[in-house]
Each structure stands twice: as structure tokens, then as C-alpha cells.
Amino acid sequence: NMQTYTVTANGAAMQLFMRGAGVQNPGFNASESPVGIYVDDVYFGRLATANVDLADIERTEVLRGPQGTLYGRNTISGAVKFITRTPGDEVYGDASVGYGNYETRKLTAALGGPILEGKLAGSIAALNHERDDGWIKRGTVGGRDLGEYENNAVRGKLHWYGSDNFDAQFSITYIDAENDGYNGIPYGPSGQFPGSNPGRPLEGFYKTLVTAENEGFGDTDQLNTSLTLSWDFGGVTLKSITGYSDIDDEFGFDLTGGGSELTGGAFPAPFFVDSDSNNKTISQEFNLSGEAFDGAVDWIGGVFFLNEDGDQLYNPGRGGPTPIFEDVDTETDSYAIYGDATWNLTDRFAVVAGARWSRDEKDY
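Remember, predicted model here, so these are calculated numbers, not experimental data.

### A closer look at the pattern of salt bridges
Then step 1. Enumeration according to the criterion identifies 19 salt bridges in this entry.
Then step 2. R144 serves as the salt-bridge partner of D180, at 2.9 Å between the closest nitrogen and oxygen. Of this pair, D180 sits in the loop between strand 11 (166-179) and strand 12 (187-188) while R144 sits in the loop between strand 9 (120-131) and strand 10 (149-160); the two residues are 36 residues apart in sequence, bridging distant segments of the chain.

The structure is reproduced here in C-alpha cells:
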């Protein structure tokens, strides 16, 4: 009941399905996933750039079912949460080196520890993931094999813990991902091309016919920051979670896989899809949590706000017989109040009740 796929648009994009629900066109700014992705409790709404490598991760949580009475955005079918390691008084360091076929290599490194003993700690993590030899052959058009990518990421994190009842964590991440994107394998209907057979690739499996000027591509740059503040009032915890992201994303591909280059093709010219988008998101959440009745009841309540502002120049059909242009501006304001309580009747049986009020305002 959980599946992930890369998508047609950009090799850095993903489809994410849980309990049968997902979105198949995350390359559009207006698309929203019913499965939420969170990094350190900050919501990431753009699946177009969510499929990124991460380093120095403490754990990953897969939470099935509606999560809207517990935190953040009102996602219908579940959430995936990445929790990064928080530095403290202990010095740590780790690194990994991986190598695979098609000249694939992955390097990660992380270092963390105290800056001011007992008060302030910091960490830095970095990642390089590359594939330098493509696996998609070029067929009779010739040229380099396609399927290469390079992903570089770096994250810094600061942790203030010099008070008995106050804790602060700040992180900043920069990611640069480039790839060959989608490059289709053209199939030939019977009689459409000389010597073609129904349902078979024109020149064999994993052989594309895209020309050098129509090679697929993807290019993503993103900056993500988060600030989490926590106050402990003796059994009740107040938490503030602030997030900001700025994402630039470009992709392009020939939808025909180069098949239109042959005489009598289904399209008289390459059907090249082109997109250039930017998305800025800021979110703010406040919540209170604690216990009641000597630990028999766990409860949480909070408020959430999100503003997402994006623009996208989308051109499905560059070079085709009828060029199409879509210049889209999108903006979302989302407001929510939520609350949830768990009554632990025994060690193995509990009753949970929750409620949420949401209001979304969208301009397109």
C-alpha cells in the first residue's frame, strides 16, 4: 500500500502513492499530493523536486492514513517523514562510498558535535551522487547514451540546548540536481513505419531516436530552511515550526521518443514538452502537547498556516504543428486548526479522537 515511481517530467521528480491515492502529474505547480512529505516536521508540497538523496538521516517514518488532526497539512492518505540527526554534546562523523554499474557512484559525509559545550552544537552533511554512463542507447540517430545524472546536496544544522526548558534547531539545505530527464523509446503501430510491428520498439528495447537537439533534460535548484523552537512548561510543550523553500525547476523531453523523425510518423515533427517553473513556500505551525490524567491521555492541538506562490511557463508542443503556451501563476493560502487525543485504556488498547478545521484559498 505504498509505491513510488519516477515520472516523465524530471528525473528528480516522483510519484508517491499510499493506500491507493497519489498524483500522476507532479511536474505541474498546481498539483498537490494526497501523501505529505515532511523533513523535520516541515511540509514539502512539490513532488516535482521531492525525490532527492539525503544524508545524515536519523530515521524515516511512513505514516498511513489521514494525519490532519496531528500536525501540518491535511494529507488524505498518509505521510512520509524524514528526521535528520540533531547534533549534541557527542562528536560524531561518518562517511560512505558506493559504486555501481553505468559508472554510478555515491559519496556521503557528515560531521557534528558541540560548539559550546552543553549549549550549542552544529553539524554539516554533504552528498554527491552521479551516473556518468547512460543506459538508454541512441539507435540509428547516434550520439551519447542517455540516462546520466548528478545530484549534489549540502545541509548545515545548529542546535541550541543551553536551557532547561528551551530548545532551538535551525537547518539550511541546498540541492542542485541535473539529469537527462525522460527520453522515450518509440513504438511503431502496424504499417506506420517500414518494417515495424504492433507494440514493438522501432529499434529495440532501450533504444531511443531523439536527436541531439531534442535530448531530455532536468535541472533543479532548491534552498530549504527550517527553524523549530520548543518550550517546556512542565508537562506541556509549546512548539513553533517555521519552514521556507525556494525551488527552480526546468525539464524538457520529446514525447515521441524521436519516432516522429521517421517518414509517416504519428507526429510530423518532434513533440517537445518544455517547462520552467519557480515555487516559493513559507509555512508556520504552533502546537501544544502534553499528558493528562497521570499519563492516561496524550493530547496535541495546534494551528497551521501555509503560503505557496509559484509560476510556470509550460510549452507542450515546441516545434510541433501547433505550438501551445501556458503561462501560469498559482498561489495557495491554507489555514488550519487541529486537535487530537489518545486515551490509553490499557497497554494494548487505546481510543483516539481528533478534529480539524481547514480553509484553502487558491488563485490560478
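### Brief notes about the environment of K119
Then step 1. Among the secondary structure elements, K119 is positioned in the loop between strand 8 (104-116) and strand 9.
Then step 2. Given a relative accessible area of 42%, K119 falls into the partly exposed group.
Then step 3. Residues K119 and S163, 44 residues apart in the sequence, show an inter-C-alpha distance of 7.5 Å.
Then step 4. Residues contacting K119, with those up to four places away along its chain left out, are H159, W160, Y161 and G162.

### As for the packing of aromatic side chains
Then step 1. Applying the stated criterion to the full structure yields 9 aromatic pairs.
Then step 2. Between F251 and F253 the ring centres are 6.3 Å apart and the planes differ by 15°, which places this aromatic pair in the stacked class.
Then step 3. Owing to a relative accessible area of 4%, F251 belongs among the buried residues under this scheme.
Then step 4. Here F253 falls in the buried class, since its relative accessible area comes to 5%.
Then step 5. One cation-aromatic arrangement involves K81 over Y71; the distance from NZ or CZ to the ring centre is 4.2 Å.
Then step 6. Its end group placed over the ring of Y92, R85 keeps NZ or CZ at 4.0 Å from the ring centre.

### Re the sheet that holds strand 5 (residues 57-64)
Then step 1. Strand order in the open sheet formed by 4 strands is 4-3-6-5, with mixed pairing between adjacent strands. Because the sheet does not close on itself, it has two edges, and the strands there are strand 4 (42-44) and strand 5. Along the sheet, successive strands turn relative to each other by an average axial angle of 25°, direction set aside.

### Things to note about the environment of F251
Then step 1. By the secondary structure assignment, F251 is in strand 15 (residues 236-254).
Then step 2. Here the alpha-carbon distance between F251 and N10, two residues 241 residues apart in the chain, equals 5.7 Å.

### Overview of the pairing of strand 19 (residues 350-363)
Then step 1. As paired elements, strand 18 (residues 326-344) and strand 19 share 14 bridges and run antiparallel to each other. The partner of A336 across the bridge, within strand 19, is S358.
Then step 2. Taking the residues that link successive antiparallel strands as the turn, the strand 18-strand 19 hairpin has 5 residues.

### Thoughts on the pairing of strand 9
Then step 1. Counted residue by residue, strand 9 has 9 buried out of 12 residues, so it is predominantly covered.
Then step 2. As defined by bridge partners, strand 8 adjoins strand 9 across 12 bridges and the pair is classed as antiparallel. Following the sheet pairing, T108 is matched in strand 9 by L127.
Then step 3. Between strand 8 and strand 9, which pair antiparallel in sequence order, lie 3 residues; one of them, G118, sits at a positive phi of approximately 80°.
Then step 4. As defined by bridge partners, strand 9 adjoins strand 10 across 12 bridges and the pair is classed as antiparallel. When the bridges of strand 10 are listed, R131 appears paired with Y149.

Definitions and limits used
Residue numbers restart at each chain and count upward from 1, following the sequence in its written direction. With pLDDT at 70 or above as the cut-off, local features in this predicted model cover only qualifying residues; side-chain atom pairs require 80 or more to be listed or tallied, and sums for whole chains, interfaces and linings still use all residues. As a convention, hydrogens and water are excluded, and side-chain values are obtained from all of the structure's heavy atoms. Each salt bridge in this description consists of a side-chain nitrogen of Lys or Arg and a carboxyl oxygen of Asp or Glu lying within 4 Å of one another. Numbering of helices and strands starts at the N terminus; helices are DSSP runs of H or I of at least 4 residues and strands are runs of E of at least 2. Only protein chains enter the accessibility calculation, which uses a 1.4 Å probe. A residue is then buried if its area is under 20% of the maximum for its type, exposed if over 50%, and partly exposed in between. We call two residues in contact when some of their heavy atoms are within 4.5 Å. Between the rings of Phe, Tyr and Trp (Trp by its six-membered ring), a pair exists once the centres lie within 6.5 Å; its type follows the angle of the planes, with under 30 degrees stacked, over 60 edge-to-face, and the other angles tilted. A ring is scored as having a charge over it whenever the NZ atom of a lysine or the CZ atom of an arginine sits within 6 Å of its centre and within 35 degrees of its normal. The pairing criterion is simple: DSSP has to find at least two bridges between the two strands. For helices, the fitted line uses only the C-alpha atoms of the stretch in contact; every axis is such a line through C-alpha atoms, and the angle between N-to-C directions lies from 0 to 180 degrees.

The values reported here are purely geometric and, on their own, carry no functional implication.
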